[in-house]
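# Report on the structure
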Amino acid sequence: MKIFTFFLFYLPLSFFSQNMRFTYNYGVVSDTLKKNVVSNEIVVLDFYNKDQRSVFTGLKHIISDSTMTEDSKKGIISFPDASTKIRYVVEKINNRNLMSFYTPNHMQDPVLKVNDERKMNWEITNEHENILGYQTQKATTFFAGRQWVAWFTTEISIPDGPYKFYGLPGLILKISDRTNTHSFEIISVQKQKSNYFILNDETYKDAKKITLKEYEKIPNNPFEQFKIKLLRDGVFHSNEERQKFLKDIDAQIEESKIHDNNPIEIN
């Protein structure tokens, strides 16, 4: 019996001391005027045990960049998967409490590496729930303008989670905001089978390091970015052409704000 008990205790420790991939479903309501329309995408948290480092991004993003890398080695020119929604990357170094946010790569503008020093203050409750066979405990926090409810398990002793969430005494398996318009829920836990590290892509090598305050001043609406670029480059042949462009692009900016009005971070 003692040997059997030891085996059961040792197995999880051995299993989670390796590089792991935690796969989640990310559900988001982009338009709060249509709360019944939920967009879903598979996202992953890759954990590298040796460096105590994790990388979070969309699964399609990893597959697309990996395919492009292999094609490039063969002299084949390929392009990013246009259906990929989650193209940003969040990198955490757990034992140093470091977190960085990388803007999407393979874009016209170079990648930015945003240093995010915000800490999360968690309140752990005595509520429990079974998720994917793991016993979890409830915790809450206020982060980036939203109140979040998380369920974490000490059976996986990695103080990490999807997106930027971390700092609990175990892995976050499920987390959603109070409005339930942003939610992450674990789908699978497995050993990482690939040695591909997405941040090794050439497009990240010259990433410009900036602070969170600097990043917040940059318009993240693609129409606003397009407007700034054309105004900066001065491509208009007449003032009338310029005024027409401004009228049309401002209308598109307002329309996009109406139907894409629910960012994961409010402030």
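Scroll up for the structure.
Residues numbered from 1 in each chain as written. Predicted model: local features only at pLDDT ≥ 70, side-chain atom pairs only at ≥ 80, totals over all residues. Heavy atoms only, no water.

All right, on to the overall build of the protein then. Along its length, the protein carries 6 helices and 12 strands. The proportion of buried residues among the 267 residues of the protein is 42%. Nonlocal contacts in the protein, meaning residues at least 24 apart in sequence, comprise 57% of its contacts between residues at least 6 apart. (Helix = DSSP H or I, 4+ residues; strand = E, 2+ residues; numbered from the N terminus. Buried < 20%, exposed > 50% of the residue type's maximum accessible area, 1.4 Å probe, protein only. Contact = heavy atoms within 4.5 Å.)

Among the nonpolar cores identified, the biggest contains 44 residues, and F22, W122, F165 and F184 are the most heavily contacted of them. Sorting the residues of this core by element identifies β1 (20–28), β2 (39–48), β5 (98–102), β6 (112–115), β8 (134–143), β9 (146–153), β10 (171–177) and β11 (182–191) as the ones contributing at least two each. Setting aside anything within four residues of it in sequence, one finds F22 in contact with V43, V44, L45, F47, I156, I158, L171, I186, S188 and V189. Y48, I62, F197 and I198 belong to the second largest nonpolar core, which has 13 residues in total. (Core = buried A, V, L, I, M, F, W, Y, C linked by side-chain atoms within 4.5 Å.)

Walk down a regular strand and you will see the side chains alternate between the two sheet faces. Counting buried positions over the 7 residues of β10 gives 6, a clear majority of the element. As defined by bridge partners, β9 adjoins β10 across 6 bridges and the pair is classed as antiparallel. Its bridge partner lying in β10, V149 is registered against S176. Taken together, the 3 bridges between β10 and β11 define a ladder with antiparallel strand orientation. Bridge pairing in β11 links I175 to F184. Counted between consecutive antiparallel strands, the loop separating β10 from β11 contains 4 residues, among which N180 sits at a positive phi close to 60 degrees. (Pairing = 2+ DSSP bridges.)

Roughly 240 Å³ of internal volume is contained in the second largest pocket. Lining the second largest pocket are 15 residues, and of these M68, T69, S72, D201 and E202 lie nearest its centre. At the level of secondary structure, the elements contributing two or more residues to the lining of the second largest pocket comprise α2 (59–73) and α3 (202–205). Ranked by the residues each element gives to the lining of the second largest pocket, the list is headed by α2, at 4 residues. Looking at side-chain class alone, the lining of the second largest pocket contains 5 nonpolar, 7 polar and 3 charged residues. (1 Å grid on protein atoms, 1.4 Å probe; cavity = no way out; pocket = protein on both sides within 12 Å on 5 of 7 lines; lining within 4 Å. Points joined across faces, edges and corners; volume = space filled by probe spheres on them. Nonpolar A, V, L, I, M, F, W, Y, C, P; charged D, E, K, R; others polar.)

Glancing now at the pattern of salt bridges. Taken as a whole and judged by the stated rule, the model has 12 salt bridges. R118 is the salt-bridge partner of E265, the closest N and O atoms lying 3.0 Å from each other. Separated by 147 residues along the polypeptide, E265 in the segment after α6 (239–259) and R118 in the loop between β6 and β7 (123–131) bring together distant segments of the chain. The salt bridge partner of E129 is K174, with a shortest N-O separation of 2.9 Å. With a gap of 45 residues between them, E129 in strand β7 and K174 in strand β10 connect regions that are remote in the sequence. For E129, a relative accessible area of 27% corresponds to the partly exposed category. What you see here is one network of salt bridges that share partners, running through D116, R118, K164 and E265. (Salt bridge = Lys/Arg side-chain N within 4 Å of Asp/Glu carboxyl O.)

Moving on, we come to the packing of aromatic side chains. Taken as a whole and assessed by the stated rule, the structure comprises 12 aromatic pairs. Ring geometry for Y163 against F165: centres 6.0 Å apart, planes inclined by 55 degrees, an arrangement best described as tilted. Assigned by exposure class, Y163 and F165 land together as buried. (Phe/Tyr/Trp six-rings, centres within 6.5 Å; stacked < 30°, edge-to-face > 60°.)

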